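# Analysis of the macromolecular model
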There are 4 protein chains.
Amino acid sequence: MCAVASNKEESLLKSAFKLFTEKGVKDTSIQDIVNDADVGKGTFYLYFKDKYEIRDILIAKKSNKLFNDAIKSLRKTEIKDLTEQVIYIVDYVIDYLKKNPILLKFFFKNLSLGLYNKAINKIYEDNGLYENTMLTLFLKGIEESNLKVKNPEVTLYMIIELVSSTCFNSIIYDEPLPIEEFKPHLHNAIRKLINE
Amino acid sequence: MCAVASNKEESLLKSAFKLFTEKGVKDTSIQDIVNDADVGKGTFYLYFKDKYEIRDILIAKKSNKLFNDAIKSLRKTEIKDLTEQVIYIVDYVIDYLKKNPILLKFFFKNLSLGLYNKAINKIYEDNGLYENTMLTLFLKGIEESNLKVKNPEVTLYMIIELVSSTCFNSIIYDEPLPIEEFKPHLHNAIRKLINE
Amino acid sequence: MCAVASNKEESLLKSAFKLFTEKGVKDTSIQDIVNDADVGKGTFYLYFKDKYEIRDILIAKKSNKLFNDAIKSLRKTEIKDLTEQVIYIVDYVIDYLKKNPILLKFFFKNLSLGLYNKAINKIYEDNGLYENTMLTLFLKGIEESNLKVKNPEVTLYMIIELVSSTCFNSIIYDEPLPIEEFKPHLHNAIRKLINE
Amino acid sequence: MCAVASNKEESLLKSAFKLFTEKGVKDTSIQDIVNDADVGKGTFYLYFKDKYEIRDILIAKKSNKLFNDAIKSLRKTEIKDLTEQVIYIVDYVIDYLKKNPILLKFFFKNLSLGLYNKAINKIYEDNGLYENTMLTLFLKGIEESNLKVKNPEVTLYMIIELVSSTCFNSIIYDEPLPIEEFKPHLHNAIRKLINE
DNA sequence: GATGAATGAGTGTTCATTCAT
DNA sequence: TATGAATGAACACTCATTCAT
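How each quantity is defined
- Residues numbered from 1 in each chain as written.
- Chains lettered and ligands numbered in written order.
- Predicted model: local features only at pLDDT ≥ 70, side-chain atom pairs only at ≥ 80, totals over all residues.
- Helix = DSSP H or I, 4+ residues; strand = E, 2+ residues; numbered from the N terminus.
- Contact = placed C-beta atoms within 7 Å.
- Least-squares fit on C-alpha atoms with pLDDT ≥ 70 in both.
- Near = placed C-beta within 6 Å.
- Nonpolar A, V, L, I, M, F, W, Y, C, P; charged D, E, K, R; others polar.
- Buried ≥ 20, exposed ≤ 12 C-beta atoms within 10 Å, placed from the backbone.
- Axes fitted to C-alpha atoms, helices over the stretch in contact; angles between N-to-C directions.
- Parallel < 35°, antiparallel > 145°, perpendicular 65-115°, else oblique.
- Left-handed = near helix turned anticlockwise from the far one by under 90°.
- Domains from an automatic or database assignment.

Attention now goes to the overall build of chain A. Counting secondary structure elements, chain A contains 10 helices and 0 strands. Order of helices (α) and strands (β) in chain A, N terminus to C terminus: α-α-α-α-α-α-α-α-α-α. A separation of at least 24 residues holds for 63% of the contacts in chain A among residues at least 6 apart in sequence.

Let us look at the interface of chain C and chain D. At the interface, 19 residues of chain C touch 19 residues of chain D. Counting only elements with at least two residues in the side of chain C that touches chain D, the list comes to α9 (152–173) and α10 (179–194) of chain C.

Moving on, we come to the relation of the copies chain B and chain A. Superposing chain B onto chain A takes a rotation of 178 degrees combined with a translation of 0.0 Å along the rotation axis, leaving an RMSD of 0.4 Å. On the angle and the small slide along the axis, the relation comes out as a two-fold axis. Within chain B, the C-alpha atom positioned nearest to the axis of rotation is that of L162(B), 2.4 Å from it. Comparing interface residues between copies, 95% of those in chain B also lie at the interface in chain A; the contact surface is shared.

The interface is formed by 19 residues belonging to chain B together with 19 residues belonging to chain A. Those elements that place two or more of their residues in the side of chain B that touches chain A are α9 (152–173) and α10 (179–194) of chain B. Per element, the largest residue contribution to the side of chain B that touches chain A is 9 residues, and it comes from α9(B).

Moving on, we get to the protein's contact with DNA strand F. Residues in contact with DNA strand F amount to 32 residues; listed here are only the nearest, G40(A), G42(A), G40(C), G42(C) and G42(D). Taken together, the elements giving at least two residues each to the surface near DNA strand F come down to α3 (41–47) of chain A, α2 (30–37) and α3 (41–47) of chain B, α3 (41–47) of chain C together with α2 (30–37) and α3 (41–47) of chain D. Per-class residue counts for the surface near DNA strand F are 8 nonpolar, 14 polar and 10 charged.

For residues that are not glycine, phi is negative in most cases, and the peptide bond is trans in most cases. Residue and element names in this part refer to chain C. A positive phi is found at D38, a non-glycine position, where the angle reads about 60 degrees. With respect to the element layout, D38 can be found in the loop between α2 (30–37) and α3. Under the C-beta neighbour-count criterion, D38 is labelled exposed, with 10 such atoms within 10 Å.

Next up on the list: the protein's contact with DNA strand E. Near DNA strand E you find 32 residues, and of these G42(A), G40(B), G42(B), G40(D) and G42(D) are the closest. The set of elements that each furnish at least two residues to the surface near DNA strand E consists of α2 (30–37) and α3 of chain A, α3 of chain B, α2 and α3 of chain C together with α3 of chain D.

All names here are of chain D. With respect to the helices and strands, the residue K80 is situated in the loop between α4 (51–75) and α5 (82–99). On the neighbour-count criterion, K80 (10 C-beta atoms within 10 Å) is exposed. In sequence terms K80 and L135 are 55 residues apart; their C-alpha atoms lie 17 Å from each other.

Let us look at the packing of helix α4 (residues 51–75) of chain B against helix α5 (residues 82–99) of chain B. All names here are of chain B. Running from N to C, α4 and α5 point in directions that differ by 130 degrees, and their axes come no closer than 9 Å. When the axes of α4 and α5 are compared, the pair comes out oblique. For the pair α4 and α5, the crossing hand works out as right-handed. Note on element contacts: α5 touches α4 through Q85, Y88, I89, Y92, V93 and Y96, opposite L66, A70, I71, S73 and L74.

What follows covers the domain arrangement of chain A. Residue and element names in this part refer to chain A. On domain assignment, one finds that chain A holds domain 1 (1–48) and domain 2 (58–194). Of the residues lining the interface, 7 residues belong to domain 1; the matching set on domain 2 comes to 6 residues. Per-class residue counts for the side of domain 1 that touches domain 2 are 5 nonpolar, 2 polar and no charged.

In this section: the relation of the copies chain C and chain D. When chain C is fitted to chain D, the best match, at an RMSD of 0.4 Å, comes from turning it 179 degrees and sliding it 0.1 Å along the axis. Taken together, the interface assignments show that 95% of the residues at the interface of chain C recur at the interface of chain D, consistent with an identical surface on both copies.

The next point concerns the packing of helix α1 (residues 7–23) of chain C against α2(C). Residues and elements named next belong to chain C. Contact pair α1 / α2: the axes reach a minimum separation of 8 Å and the direction vectors enclose 120 degrees. The pairing of α1 with α2 is recorded here as oblique in orientation. Handedness of the α1/α2 crossing: right-handed. The residues of α2 that touch α1, namely those facing S11, L12, S15, A16, K18 and L19, are D32, I33, D36 and A37. By residue class, the composition of the contact of α1 with α2 is 5 nonpolar, 2 polar and 3 charged.

Structure below.
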């Protein structure tokens, strides 16, 4: 009776995610996806325009979930300082991705974490996924604290880009340092970027 | 007298670069390259393993040239402060890419500016391209100055990743700000990251 | 009281005609037709075997209407000479198709005007559309006049084939002459073919 | 040493013709053609743009050959009267097609005999196939005779269209008459159309 | 070293048709 | 009667790679 997402659509998303993270988007064909989902090829086109639409939907859903989880977890702590809150979330995400390097590769190979990506944002909006973003958290945090951040959007943007572009190499290749050694530098950099 | 790269190889590199920046790597076939270079298709395989090898070689060569040019230009100025030297180079590169957005796309869509990328670094080494890197400049600069930078490699790495990941969107999409408005924030961030 | 064609069937015929003349038969899918008719896909198969059945029905109905209109219009004139009557009808049809080149393409690309086409004639019979054909007009005309036409069916057949095969190129491509310049030659040819 | 048409290209043309006449152009896929020709699928695209290019080439070649043969045969006769020459050629073509109804279908289903078709004419020109056309024969014939034909191009055009559109049904379906019974009517019609 | 004809696995996409509801 | 989700065979077309010359 209740509105359930079609089984087939769900299967396709599941299989696509599995294959994308296993073999990469480029090396996954639509044939692979429908084989794995055990549906007809035409069924794919009933729900998605092409491989890239399903990819973007997956990035939006998965990254939204990850950030929401991070924020939920933050809420359970006593951390009040905004800078430390940001660092907490960054660490939460890093730790999660450290344990899921496949997901890490999937995210980073495909349009960063998507927080500022137009195509992805479109999907967020289409699916009402935008309740608790880092940005709203950050903006509220600045209001509530007595921090003076000149242009908070830009600052957060720089932090996210810095984190995402450095951590990929650090987690995957231990370059320029293994992630655990790199973290303090990153925390330090974040503190400098936030504080005047 | 010295070993000159074969005419054919040179032609292929030239044509590949032209086509990659015109149409993108994905939409350039090996057929396109050999047609433009006016050599046989088999000849391509005499010099390169595949399309991606020629792409990586081009990124290494072109980015090396850009940085060398930036450093040469810096030498002609009177700037002595290391932080300002880094900012000068960053601006030099930004201004260059602003005028060559196609080159920008080519670099950024393909493995960042490549300064810390393994595949690219392999090529640097294979071709002895590593004389005047930003890193040696930076390290020397710190020695000569009385700056206290704890881990200069990591700091420079973070600066480069921050610059490259933010500037692409800024130059191409004016997001989160047009590049000229974004620059002061970037300069500010670089100053914070370098200075204790 | 009498058997009215189902609303759905009527809708499908209407939509199919619209789409066939807009985009051509080949480029119109059954999906297009049922979308336009606002009925379910399965409904199509309730009334028609496939796309080509609906096409043939449309050709039969539309060409029948066009000839009937031509004959009605002829009746309002004072033309008594049979040859001139045939020419009048030919011109009526040409003028109509000149104003509806899309319909022209639809007719001609699909089995001539259908007057002697087996599949189409089958439909004429199935639908009792055969009251006022050119053939009966022509045969009656010969009886009533004192013309000596050896084999009137064959003669009319040749005239119709001549007209239909030449006029398509003339109206659409102005080849070998624009239709208005071509008409006198055609009239002349018809006169020769009818008169001994 | 001498310029031979590639074996593969020749094979493809041969197989395509065989399959087109057996099953029709629409029901022949490129896969069918390359299977029959025993070459790789890519080889097809080395020589032809698509199915329709190979079709048009075949129509041009085959129809050119047929008309040339007809004219050669005419030269061996003593027929001097232009009208009778035209009728001779028409009969030659009809008789040939009567014996090759598959070729007949192939021609007629695809753009008439191609004498006035733009796409086909392009191929004629590209291949220098245009030495002895019916048109040049007809024009010369009129010059040499003392016939008064107002617009010979248009007249010949009408004759060819009349013949081709009527004979198809006559040969294939015996409608409106079997071809041998229809011929006299056709001859008669041709005589009327040529003579003032 | 240099060539380019030949290959065929692989791709994304379409669409007539079925059938459980 | 009416539906439309599901299907999968079929399609045209691409292109990296090979290899005989």
